[in-house]
Structures are given as structure tokens and as C-alpha cells.
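Residue-level structure breakdown
For reference, the chains in residue letters:
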Amino acid sequence: MSGLLGARTCSSPGEASDLKFPLGAKLREPLTQARFQQLFGGAEQAQELLAESRWSGLCRLWRRRARACSGPGAWRLLLARLPPLRWLPEYRWRAWLLGDAVAGVTVGIVHVPQGMAFALLTSVPPVFGLYTSFFPILIYTLLGTGRHLSTGTFAVLSLMTGSAVERLVPEPLGGNLSGIEREQLDAQRVGAAAALAFGSGALMLGMFALQLGVLSTFLSEPVVKALTSGAALHVLVSQLPSLVGLRLPRQIGCFALFKTLAAVLTALPQSSPAELTISALSLALLVPVKELNVRFRDRLPTPIPGEIVMVLLASVLCFTSSLDTRYNVQIVGLLPGGFPQPLLPNLSELPRILDDSLPIALVTFAVSASLASIYANKYSYTIDSNQELLAHGASNLISSLFSCFPNSATLATTSLLVDAGGNTQLAGLFSCIVVLSVLLWLGPFFYYLPKAVLACINISSMRQMFFQMQELPQLWRISRMDFAVWMVTWVSVVTLSVDLGLAVGVVFSMMTVVCRTQRVQCVALGLAEGTELYRPLKESHKLLQVPGLCILSYPTPLYFGTRGQFRHNLEWHLGLGRGKETPKIDGPPDAGILSDVGCNPLPHLCSWPADAKMLGSTFSWLSVMPQCSGH
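Residues numbered from 1 in each chain as written. Predicted model: local features only at pLDDT ≥ 70, side-chain atom pairs only at ≥ 80, totals over all residues. Heavy atoms only, no water.

Topic: unusual backbone geometry
Not every positive phi belongs to a glycine, and glutamine 211 is a case in point at roughly 55 degrees. Residue position: glutamine 211 is located in the loop between helix 9 (179-209) and helix 10 (221-238). A relative accessible area of 42% places glutamine 211 in the partly exposed class. We note that serine 403 has phi near 65 degrees; this positive angle belongs to a residue other than glycine. Relative to the helices and strands, serine 403 is located in the loop between helix 17 (385-400) and strand 2 (408-409). (Helix = DSSP H or I, 4+ residues; strand = E, 2+ residues; numbered from the N terminus. Buried < 20%, exposed > 50% of the residue type's maximum accessible area, 1.4 Å probe, protein only.)

As for the packing of helix 8 (residues 155-168) against helix 16 (residues 350-378)
It is at 10 Å that the axes of helix 8 and helix 16 come closest, and there the two elements cross at 175 degrees. With respect to helix 16, the axis of helix 8 lies roughly antiparallel. Between helix 8 and helix 16, the contacting residues are Val156, Leu157, Met160, Thr161, Ala164, Arg167 and Leu168 on the first element and Arg352, Ile353, Asp356, Pro359, Ile360, Val363 and Thr364 on the second. A class-by-class count of the residues in the contact of helix 8 with helix 16 yields nine nonpolar, two polar and three charged. (Axes fitted to C-alpha atoms, helices over the stretch in contact; angles between N-to-C directions. Parallel < 35°, antiparallel > 145°, perpendicular 65-115°, else oblique. Contact = heavy atoms within 4.5 Å. Nonpolar A, V, L, I, M, F, W, Y, C, P; charged D, E, K, R; others polar.)

Concerning helix 17
In this model, helix 17 (16 residues) spans 22 Å end to end at C-alpha, consistent with the 22 Å of a helix rising 1.5 Å per residue. With 13 of its 16 residues buried, helix 17 lies for the most part within the structure. For helix 17, the N-terminal capping position is held by aspartate 384, with its side-chain oxygen 3.1 Å away from the main-chain nitrogen of asparagine 386. (Expected span 1.5 Å × (residues − 1). Polar contact = N/O pair within 3.5 Å; in protein donor to acceptor, adjacent residues only side chain to side chain.)

So, the confidence of the model for the protein chain
In this model, the protein chain carries an average pLDDT of 79, and 80% of its residues clear a pLDDT of 70 or more. Across the protein chain, the secondary-structure element scoring lowest on mean pLDDT is helix 26 (residues 618-622), at 33, and the one scoring highest is helix 6 (residues 127-132), at 94. The low-confidence segment residues 579-631 (pLDDT under 50) makes 114 contacts with residues lying over four places distant or belonging to another chain. (pLDDT = per-residue confidence, 0-100.)

Remarks on helix 8
Its 14 residues give helix 8 an end-to-end C-alpha distance of 20 Å, which sits within 8% of 20 Å, the value for a rise of 1.5 Å per residue. Along helix 8, twelve of the 14 residues are buried, which leaves the element largely enclosed by surrounding structure.

Topic: the sheet that holds strand 5 (residues 552-553)
Two orientations exist for strands paired in a sheet by backbone hydrogen bonds: parallel and antiparallel. The three strands lie next to each other as 4-3-5, forming an open sheet whose pairing is antiparallel. In the strand order of this sheet, the two ends are held by strand 4 (534-536) and strand 5, each with one partner. Relative to strand 4, strand 3 (residues 523-527) runs antiparallel, the two being bridged by three bridges. Looking across to strand 4, one finds that leucine 525 is bridged to proline 536. (Pairing = 2+ DSSP bridges.)

A look at the pairing of strand 3
Strand 3 sits mainly inside the fold: five of its five residues count as buried. Covered by surrounding structure in strand 3 are Val523, Leu525 and Leu527 together with Ala524 and Gly526, the residues of both alternating faces. By the bridge criterion, two bridges tie strand 3 to strand 5 in an arrangement that is antiparallel. Bridge assignment links valine 523 to a residue of strand 5, and that residue is serine 553. Connecting strand 3 to the next strand, strand 4, in antiparallel fashion are six residues, including glycine 530 with a positive phi near 75 degrees.

Quick notes on the environment of glycine 505
Tracing the backbone through its elements, the reader meets glycine 505 in helix 24 (residues 498-518). Separated by twelve residues in sequence, glycine 505 and valine 493 have C-alpha atoms that sit 8.6 Å apart. The contact partners of glycine 505, leaving out residues within four places of it in the chain, are Val223 and Thr489.

Below is the structure:
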């Protein structure tokens, strides 16, 4: 800017100005519409350039597709779709293998009780939670790009799936079912849950085919955090009957949380003292262990597996004391060994479950993509959002063939994986080995596990989601609008339901974006002495107003929603009343009114055509200057 020192006024229109080097000795001249067209071409040339750019873009697309059919192109496509082919050759075996093994085994140990617990939340037998803790992890290891992401059963998805399953396959009103009737009911519910996984997986694969990974940006961080925090409260209330030993039908639909609370309080005198005692002891062990793992994460070589310790202690206690026969304590029962036969879900149910599959797919992708981005930024690597759609879509669709319910990345196990020293997706293979050993050999040891313990594991796993509310004071100080989005989403999730609350949160978030475009301030700019910087005139009296020009800054996109406000601001700054006829400007085109719609330090000055009517269409003004930036 040294060359501009001492420059006090703009050069006259008749003087030559170095437009290619605006930081030269003299200030550039303001550009009228005629001068702008003379230098840079008019709308016709812009349309030709636009058509040429579209044609060249199509040519590049066809050339890229043609190259993909060749040998090197096929190899590049394979590298993009199978991430292990990229990171496995660069794997640091001596530095990373031990950390991946320890982290994978630790997470696998947590997956066993947590999978069974979330299966009860999904209204299916516990063994199907183990299936969901095996197949999706294996598939994501092959297709996912998040090195520190742990997939499997997720409480929010289990809650949403369970509500849909209870509505699609309700329990008979009597409730007293024989063993065969109970097995038939469980088989129907397993089929419904698998169909939901198939539908959500197919939707995510369709989004991948359309390259819609950018949709994750529409689920903002306040919406996702409020959704998970509100769903955690639903999980807590839905597990209260199991904590106190009540056999109550599950409430679904709007206001289900309050209906469940009322039913529990009404039936509280019929609660089981034995199961209430088991629940109290389990929470007394699990909650302090969770706190110790968080507070001493830097000192502990590996987190304390409180869940598996609680499972073993409760199983031994129930077996030695015969709690299932003496006090009618509900237990897990026999876990079938091996894997189920691959079975295609009933496709005739897909139209019925489409309304439930869409929010499940959106929540799966939003939570997984945001969680993967957090750790990718922390450890300096990148993820591919479209590849994540492929990974989670394939893991849900393929695992549904083995009777798995919807799954995604999980907050608790991902944090545990990082704290235990995990480095790559290879840790998922070690988790699969742990779950596989339970499915093949260790299943009978969980026969006497009380279901009340699984309910306590569900509640304790919600700790991180509950503590998200601690961020509200900071969010209030940073952005009142984001605070409002958080609160509206949370209240909607709690009072209505998870899927309806998600819809309300997304719609309200989009409305705030529109409202922000309506609350911008249009200011007049002046030239700072000795520079080519334009600042608002109201900031200082030392700014120079360019003679004959009104330079405006309007920092928002121009579209149909802001057209009226932009026109009103323009009329106000130019001193034109709505009821007055715009004066006809006689003279050369250089006498037109100039406006700048950007906030750049070196704005492009463009003029309205002299014969433009102020009461005309805003779009007609903009269409004559397509090269102007900053809109």
C-alpha cells in the first residue's frame, strides 16, 4: 500500500487507470456498466463462457469415466472404495499393532454386555445385539475411512428402532404368552428390526450413488447434540420398568416419556425388591467406575472394564442364589451358539417401514460423520463423507441379512477406543474376535445374567450424552441462535419423539438460516485516506465519500427472500420514497448509480444502468453484471 500513500481522491473517469494492477500508484476508476462491459464483456459473452464451461465439464466427466474403465482407472477406483488398500501398506506394525490390539480387545469386551443391553432396548432377544456387534464392525473395517471410529449398537438408534418395532409388531393385550407364542413374537420383531436396517442401508447407498455426503452439513452440531441428549432421557425412562422389575408394555408415539413415567409410578407398589436391589448395586458399581475412567484416563494403562466385571459378578450371584427361581428375576437365558442363517428381510414390509428408515438413516450418517470428523481433525487426517455413506449403508444392508438391527458409530466405544490407544481400523478386527469367541464358545456363561443389569448398563452408557447439557452456558455466550436451536430440538425430542424431534430441529435450524439473511445491515462505505480500503461511513468521520457515488455493502445472498429488504435499503440510502417516481436520469451511462455488494478490502465497483427503474425487479439489475462477485 506504500504506493497509495498520499492519494486522496479517485482518478477521474477520463484518466487512465491500471486495472490489472489496482495497487499501483493511482486508484482505479469506478466502473460503470458500459465500462464494465467494454473491459470484461457483457451478459452474452458470460452466457457463452458459461455454456463453454458446462461443455468442458461434461467432457471432463466423460473422460474421467472412460479412464475409469482402464486398468489404472479401475485400480484408483478400488483404492478409493477399499481404504485398507491405502493405509495397510503404510501401517506401522511395531508402533501401532499393540495399541490396536489392546484397544480392540477392550472395546470388544464392552461390546458384549452393551450389545445385549441395547438389544433389549430394540425389543429383540439379547443374542441379536451380539450379531450387531460383529458384522457391522467387520464391514466398516473394510470400507470406512474413520481410523478411530468404533461402530456397533447405538442407544439412540436402538431406541428409535425399538419404537418402530413395537408399533409394527405389538404385543398382545393379554401379555401372557406361551413359550411358542413368545418365540413367534420375537421372530416377527427380529424380522421387523432387520427390515429397518435393510431400508436405512438402502437409503444410505442411494445417497452415496447420488453423492449426497454434503447433506451432513444440514444436521448442525446443536441439532445432533440436542438429539442425542434428549434421546438419552428417553433411554433412561424406558429402562425404569426393568430397573424395578415391572412388566409393563412399552409406550410409543408422542409423549411416550411422560406416559412411561406415569405407568411406572402407578405400578411402583408391585415392583420386585430383588431386581430393585440388583439395579441399585449395579449402578453403585458402574457409575463410579465410569467416573474413574474419565478422571484418570491419562494414568490408567487401559480403562477399567466395569461392564464386564458387573456382568460376571451378577451372573455368579444369580446362579449361586437361584434368584431366577426363588424371586422370579428375569435373566437372559440361553444364547444360541454360532451365526443365524442368512435371510433376506421381508421386502413387502419396506413401504411400511420407509417413514422409520429415513430418520434412522439420517441419524446414522449424521452421528457417524460428525464423530469421524472430530477425530480426523484431532489426528490430522481426512475422511470422505461419501465413502462413509457407502460404509454405513453397506454395513446396515449386509448385516440385516444376518438378522442385525440398525447400527452406527457410537460415542462411548469410540472414546474408549481412543483412550485405550487405538490407531487404525485394525482395532475393529480384534473387537470382532472377542465378540466371535462369545458367540461360539462363551455364550452359556451369560445364561444367568439378570436383565436388570443390562438396563443399568444402558443407563450408565448415557453418561456422556447427559453431560452435553453442560455446554449450554457456553453456547449461550457464543450464539443465542444456536442455543435456541439446541433447546427447540431437545424439547421436541423429549416431549414428542426422537424422529419427530429430529424433524422439528432440522426445520427450525433451516428457519434460523433464513432469518439470519433477513437481519443483515446494509451500510454505506467510504474510502480510507491513503488506502484503497472501504469501511462503513458510520465508523469514522475521516472516511472519504466518493463524489457522485453511493457504495453499499450488503453482506448476504440476494434471492427472493431478501429482494424486498435489499430494495428498501437501496431506496433509503438513495433518498427515494416508495410513493415517488424515480427521476429519469439523462446523460451518459457513466452517470449511473454505483453499488458494491461485497465486503472485500478491494471491492469491484459496478454501476446500475442509467435507465434502470428503482421499482423494477432486483434480478433485472443483477442480470446485467454477471461478473460482479460478493453476492
